[in-house]
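Residue strings, one per chain:
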Amino acid sequence: MRIGITADANMQPTTAPRLRLAPYVRKSLVDVLVKNDITPVILPIAKPEMAEELVGMVDAIIIPGGPDVSPALYGEDPHQRIGMTYLPRDEFELA
């Protein structure tokens with residue numbers, strides 16, 4: 001069995017430019033799947049039109065928590081207490 005995990009993006013300040021917005025998945029999540037003989041497949045934050053092809057490569061999907069969902073996706077203005085958002089991830093996961 002292969003389970004896809006949608007990646008998060010590194011939003012932390014870094015001195016290594018190649019790590020800014022680098023896709024990643026929590027190691028503990030990967031470890032649980034591997035321990036249970038499930039092949040983890042990390043799904044990068046890609047173009048929404050690529051979602052169907054990527055989803056087709058796995059048997060199931062895990063969408064772990066992350067930044068707040070962008071209010072732009074549901075036609076609202078940001079609330080004053082909204083946290084960090086990352087629209088490319090929201091658009092990919094929605095697709």
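A quick note: this is a predicted structure, and the numbers were derived from the prediction, not measured.

Caption draft 1: How the structure looks around the sheet that holds strand S5 (residues 60-62). Across the sheet, 3 strands lie side by side as S4-S1-S5; this open sheet has parallel pairing. Only two strands of the sheet have a single neighbouring strand rather than two, namely strand S4 (39-43) and S5. Ignoring which end each strand starts from, the neighbouring axes of this sheet average 30 degrees apart. As paired elements, strand S1 (residues 2-6) and S4 share 5 bridges and run parallel to each other.

Caption draft 2: Representation of unusual backbone geometry within the structure. Of note in the backbone geometry, Asp 37 takes a positive phi value of approximately 60 degrees without being a glycine. Relative to the elements of secondary structure, Asp 37 occurs in the loop between helix H1 (27-35) and S4.

Caption draft 3: Layout of the environment of Asp 59. Counting through the fold element by element, Asp 59 comes out in the loop between helix H2 (51-55) and S5. A sequence separation of 55 residues divides Asp 59 from Gly 4, and the C-alpha atoms of the two residues are 7.7 Å apart. With residues up to four places along the chain from it excluded, the contact list for Asp 59 reads Met 1 and Arg 2.

Caption draft 4: Up close: the side chain of Asp 8. With respect to the element layout, Asp 8 can be found in strand S2 (residues 8-9). In terms of polar contacts, Asp 8 uses its side chain to reach the side chain of Arg 89, at 3.0 Å. In this structure Asp 8 touches Ala 22, Pro 23, Tyr 24, Ile 45, Gly 65, Gly 66, Pro 67 and Arg 89, once residues within four positions along its chain are discounted.

Caption draft 5: Structural view of a nonpolar patch on the surface. Together, Val 69, Leu 73, Tyr 74, Leu 87 and Leu 94 give the surface a local cluster of nonpolar side chains, amounting to about 470 Å² of exposed area. Within the secondary structure, Leu 73 sits in the loop between S5 and helix H3 (87-94). Given the relative accessible area of 34%, Leu 73 is considered partly exposed.

How each quantity is defined
Within each chain, residues carry numbers counting from 1 in the order of the written sequence. In view of the model being predicted, local features appear only for residues whose pLDDT reaches at least 70, and side-chain atom pairs are presented and counted only at 80 or more, with totals across whole chains, interfaces and linings using the full set of residues. With hydrogens and water stripped out, all remaining heavy atoms of the structure feed into the side-chain values. The criterion for strand pairing is that DSSP finds at least two bridges linking the strands in question. Starting at the N terminus, helices and strands are each numbered in turn, a helix being any DSSP run of H or I of at least four residues and a strand any DSSP run of E of at least two. To get an axis, fit a line to the C-alpha atoms, keeping to the stretch in contact for a helix; angles then go from 0 to 180 degrees between the N-to-C directions. Pairs of residues are marked as contacts when any of their non-hydrogen atoms sit within 4.5 Å. Under the rule applied, a polar contact is a pair of N or O atoms within 3.5 Å (in protein, one hydrogen donor and one hydrogen acceptor; residues adjacent in sequence only if both atoms are side-chain atoms). Nonpolar side chains (Val, Leu, Ile, Met, Phe, Trp, Tyr) are joined into patches within 5 Å and like charges within 9 Å, using only residues with over 30% relative accessible area and no salt bridge. Here the open area of atoms and residues is found with the Shrake-Rupley method and a 1.4 Å probe, where only the protein chains shown may cover a residue. Should a side-chain nitrogen of Lys or Arg be within 4 Å of a carboxyl oxygen of Asp or Glu, the pair is scored as a salt bridge. Accessible area is worked out with a 1.4 Å probe on protein chains only. A residue is then buried under 20% of its type maximum, exposed over 50%, and partly exposed in between.

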